[in-house]
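# Breakdown of the fold
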Amino acid sequence: MVDSSPLVLGIAGFGTVGSGLVRILTENRAEILARTGRDIVIKTILVRDLAKKRAQALPEGAFLTANPDDLLLDPDIHVVVELIGGVDKPRELIARALRAGKHVVTANKALLAESGNELFALAREKGLHLGYEASVCGGVPVVQTLRESLAGNRLDGLMGILNGTSNYILSEMSTRGLDFDVALKSAQELGYAEADPTLDIEGFDAAHKLALLIRLAWGVDYPYAKLPVRGITGVCREDIAFAREFGYRIKLVAHARLVGGSPAEGGGIEAEVCPTLVHRTFLMARVGGAYNAVRLEGNAVGSIFLHGKGAGDLPTGSAVASDVLAIARKAAVNNTGFALPHLPVPARIIPQSESRSRYYIRMKVTDKPGVLRDIAGIMADNDISIAQVIQKDLANGNAAQGDAPHVPFIVMTHEATAQGVHKALRTLSASPLLHEPPVHYRVMDKKKP
């Protein structure tokens, strides 16, 4: 029997995403009714400032409140939609809503990455939905894809551009030749970056999302605090230009893959967020502006590539709405994609030092005979094989009169361990061969997801 009674929402937060959700549910009411057979009614919206002017009009019959109890204690409200951001207050709000027997939908990736286990356990205990499609990649339906569409696959790996702000900055540096600071300012002026952009440009936002994707893909808990994270603040125009000469684009990539089989077979997870050279022929290299993308590798389906807007009022509101519609249809509760009650188990974390990749390394050296020999020797001592070399013959403006000039010396390696690369770079840095600290980035290997 189809339930034709209205589904009643209480929304916490009436900012960008909350306004987008209200607009979608209002403007697309006929389409939603046709798909679910039920009206979706917004009764109450929780805000901090009742006097603040709103860009989006209130839905008919809805009212604003500054008291969370008006959402949590109202027996008419079936679903609480949490869109206020932060960690502590949303955690309390969601836990109270679940204990009160209300389904929850949230876009809060930081909360779920850091405290998700306890909230998912509470939702399981109560038999309630805890929807979070909007928490990863905005309007890109990656949560649904991992949780249901690829449920018949063993996921061998995933990688993605999970932060639109960083991708916009790197795109501007690449296509327009801007310095990092100029590109960041442009992102802030356009509303892509916050006044304090630390979460985005240091890679922490992408790491929150990666922690959620790892749980969805493998049913294991890879703690956010243990994820290796490196942001884009050190990326300069020089490296972007040299990468292009090799046929690559620099992107902030979050990646994870199985090592040694599935977790059930004792396999581990190798994961990291870091700037990465992506070959220009890869779809990932062509993701520009503030867009997000995810590539998933299943043992049955092969590679799948998802691409779209990762933020904004309507794209993120669309993802929130998808979870609300699932509840309206009385879909079976499937919050994590795994039915076993003991999940998630702790992930067997592969140390970053053991990860293997090709590397881009840029050094500044004295342009004189024997330098290549000495650098190659140090790398060979650390089991690093050189694939390609570029040495730039620049004007002698950076050396004292009569001395050999200091020139950029760029190496592309074959696959090597991170431990070997870091040890070689420490040895080189301590030698008289280099005139400034070396720069290194991973290179995406087509053979690996």
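Keep in mind that what you see is a predicted model, and the values were worked out from it rather than measured. (Residues numbered from 1 in each chain as written. Predicted model: local features only at pLDDT ≥ 70, side-chain atom pairs only at ≥ 80, totals over all residues. Heavy atoms only, no water.)

## Structural notes on the environment of Leu-343
Within the secondary structure, Leu-343 sits in the loop between helix H12 (313–328) and strand S13 (345–346). For the pair formed by Leu-343 and Glu-27, sequence separation is 316 residues and the distance between their alpha carbons is 39 Å. Those residues in contact with Leu-343, other than ones at most four positions away along the chain, are Arg-215, Gly-219 and Phe-338. (Helix = DSSP H or I, 4+ residues; strand = E, 2+ residues; numbered from the N terminus. Contact = heavy atoms within 4.5 Å.)

## Regarding the pairing of strand S9 (residues 248–259)
Most of S9 is tucked away, with 10 of its 12 residues classed as buried. Relative to S9, strand S7 (residues 155–161) is paired through four bridges, and the arrangement is antiparallel. Bridge pairing links Gly-160 to Ala-254 in S9. Of the pairings in the sheet, the one linking S9 to strand S10 (residues 268–279) comprises 12 bridges and is antiparallel in character. Among the inter-strand pairings, Arg-257 is bridged to a residue of S10, identified as Glu-270. (Buried < 20%, exposed > 50% of the residue type's maximum accessible area, 1.4 Å probe, protein only. Pairing = 2+ DSSP bridges.)

## So, the sheet that holds strand S4 (residues 79–82)
Spatially, the six strands line up as an open sheet ordered S3-S2-S1-S4-S5-S6, and their pairing is parallel. For this open sheet the edge positions go to strand S3 (63–65) and strand S6 (130–131), each flanked by a neighbour on one side alone.

## Observations concerning the pairing of strand S12 (residues 302–309)
In regular strands, side chains alternate between the two faces of the sheet. When strand S11 (residues 291–298) meets S12, the two strands line up antiparallel, connected through eight bridges. Pairing of Gly-298 across the sheet is with Gly-302, part of S12. In this structure, the hairpin formed by S11 and S12 is closed by a connection of three residues.

## Digging into the packing of aromatic side chains
Throughout the structure, instances matching the rule amount to three aromatic pairs. Between Arg-147 and the ring centre of Tyr-132, over which it is positioned, the NZ or CZ distance is 5.9 Å. (Phe/Tyr/Trp six-rings, centres within 6.5 Å; stacked < 30°, edge-to-face > 60°. Lys NZ or Arg CZ within 6 Å of the ring centre and 35° of its normal.)

## Some thoughts on helix H1 (residues 16–27)
Residues three or four positions apart in an α-helix share a direction because the helix packs 3.6 residues into each turn. For H1, which comprises 12 residues, the first-to-last C-alpha distance of 16 Å matches the rise-based estimate of 16 Å (1.5 Å per residue) to within 8%. Taken as a whole, H1 has its buried residues at Val-17, Gly-18, Ser-19, Gly-20, Leu-21, Val-22, Ile-24 and Leu-25. (Expected span 1.5 Å × (residues − 1).)

## Let's talk about the nonpolar core
Ranked by internal contacts, the top residues of the largest apolar core, which has 87 residues, are Ile-169, Leu-210, Ile-214, Trp-218 and Ile-269. In terms of residues, this core owes the most to one element, helix H10 (residues 204–218), which gives 10 residues. Not counting the four nearest positions on each side in its chain, Ile-214 is found in contact with Gly-219, Val-220, Tyr-222, Leu-227, Ala-256, Ile-269 and Ala-271. Counting residues in each nonpolar core, the second largest holds 28 residues, with Leu-7, Phe-14, Leu-83 and Ile-327 among its members. (Core = buried A, V, L, I, M, F, W, Y, C linked by side-chain atoms within 4.5 Å.)

## Details of helix H6 (residues 142–149)
Within the sequence span of H6, burial applies to Val-142, Val-143, Thr-145, Leu-146 and Arg-147. Tucked inside the fold, the buried residues of H6 contact S7, H10, S11, S12 and H12.

Keep in mind that these numbers describe shape and distance, not what the molecule does.
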